[in-house]
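Spelled out, the chains give:
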Amino acid sequence: MSQAETGRETALARNLLEILGPYEEELMAFERLNPAAGALRRAVGIAIAEACYLISDPGVAQAEWAPPTDDSARRTR
């Protein structure tokens, strides 16, 4: 992975954090009123965690970072 690609991915991850951070905070407040919103808040939290991981470890290959393309994720439930 080139330096430019790594820089671009890091910038995109930072932008994702900037956008999703306040959204997650609003979802936490909404979840107190409506517990069914918990699944959406957790999904946003996972996206934030993945972006943080990419920012903190820019050398990780996309194949390791991206979700599986087959149904292996569904089989773990």
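Given the structure is predicted, the values throughout are model-derived calculations rather than measurements. Starting afresh in each chain, residues are numbered from 1 along the sequence in its written order. Under the rules for a predicted model, residues below a pLDDT of 70 receive no local features and side-chain atom pairs below 80 are neither given nor counted, while totals for whole chains, interfaces and linings still include all residues. To obtain the side-chain values, all non-hydrogen atoms of the structure were included, while hydrogens and water were left out.

Draft legend 1. Seen up close, the overall build of the protein. Secondary structure counts use DSSP, requiring at least four H or I residues in a row for a helix and at least two E residues in a row for a strand, with both numbered from the N terminus. Broken down by element type, the protein carries four helices and zero strands. If you list the helices and strands of the protein from N to C, you get α-α-α-α. Throughout, exposure labels follow a simple rule: accessible area from a 1.4 Å probe, protein chains only, divided by the maximum for the residue type, with under 20% read as buried, over 50% as exposed, and the rest as partly exposed. Within the protein, buried positions represent 22% of all 77 residues. Across the protein, every contact between residues at least 6 apart in sequence was considered, and the portion connecting residues at least 24 apart equals 52%. Per-residue and other accessible areas follow the Shrake-Rupley method at a 1.4 Å probe size, with only the shown protein chains counted as cover for residues. Entry remark: accessible area of the protein is about 5900 Å², with carbon and sulfur atoms responsible for 56%. Working rule for contacts: check all heavy atoms of both residues, and any pair within 4.5 Å makes them a contact.

Draft legend 2. Inspection of the side chain of Arg41 at higher detail. On the secondary structure map, Arg41 appears in helix α2 (residues 38-56). Polar contact is defined as a pair of N or O atoms within 3.5 Å, subject to the rule that within protein one atom must be able to donate a hydrogen and the other to accept it, and that residues adjacent in sequence are counted only when both atoms are side-chain atoms. Among the polar contacts listed, one links the side chain of Arg41 to the side chain of Glu31, at a separation of 2.6 Å. Contacts of Arg41, omitting those with residues within four sequence positions, involve Glu24, Leu27, Met28 and Glu31.

Draft legend 3. View of the side chain of Glu24. Within the element layout of this structure, Glu24 appears in helix α1 (residues 3-33). Beyond its immediate stretch of four places on either side in the chain, Glu24 contacts Arg41, Val44, Gly45 and Ile48.

Draft legend 4. Examining the confidence of the model for the protein more closely. pLDDT is a per-residue confidence score from the predictor, ranging from 0 to 100. Overall, the predicted model of the protein reaches an average pLDDT of 79, with 70% of residues at or above 70. At the level of individual helices and strands, the protein shows its lowest average pLDDT in helix α3 (residues 62-65), which scores 58, and its highest in α2, which scores 88.

Draft legend 5. Spatial organisation of the environment of Tyr23. The topology assignment puts Tyr23 in helix α1. Its relative accessible area of 39% is what places Tyr23 among the partly exposed residues. Along the chain, Tyr23 and Arg41 lie 18 residues apart, while their C-alpha atoms are 8.7 Å from each other. When residues no more than four places from it in sequence are discounted, the contact partners of Tyr23 are Leu40 and Val44.

Draft legend 6. View of the environment of Ala51. Relative to the elements of secondary structure, Ala51 occurs in helix α2. With 39 residues separating them along the chain, Ala51 and Leu12 place their C-alpha atoms 8.6 Å apart.

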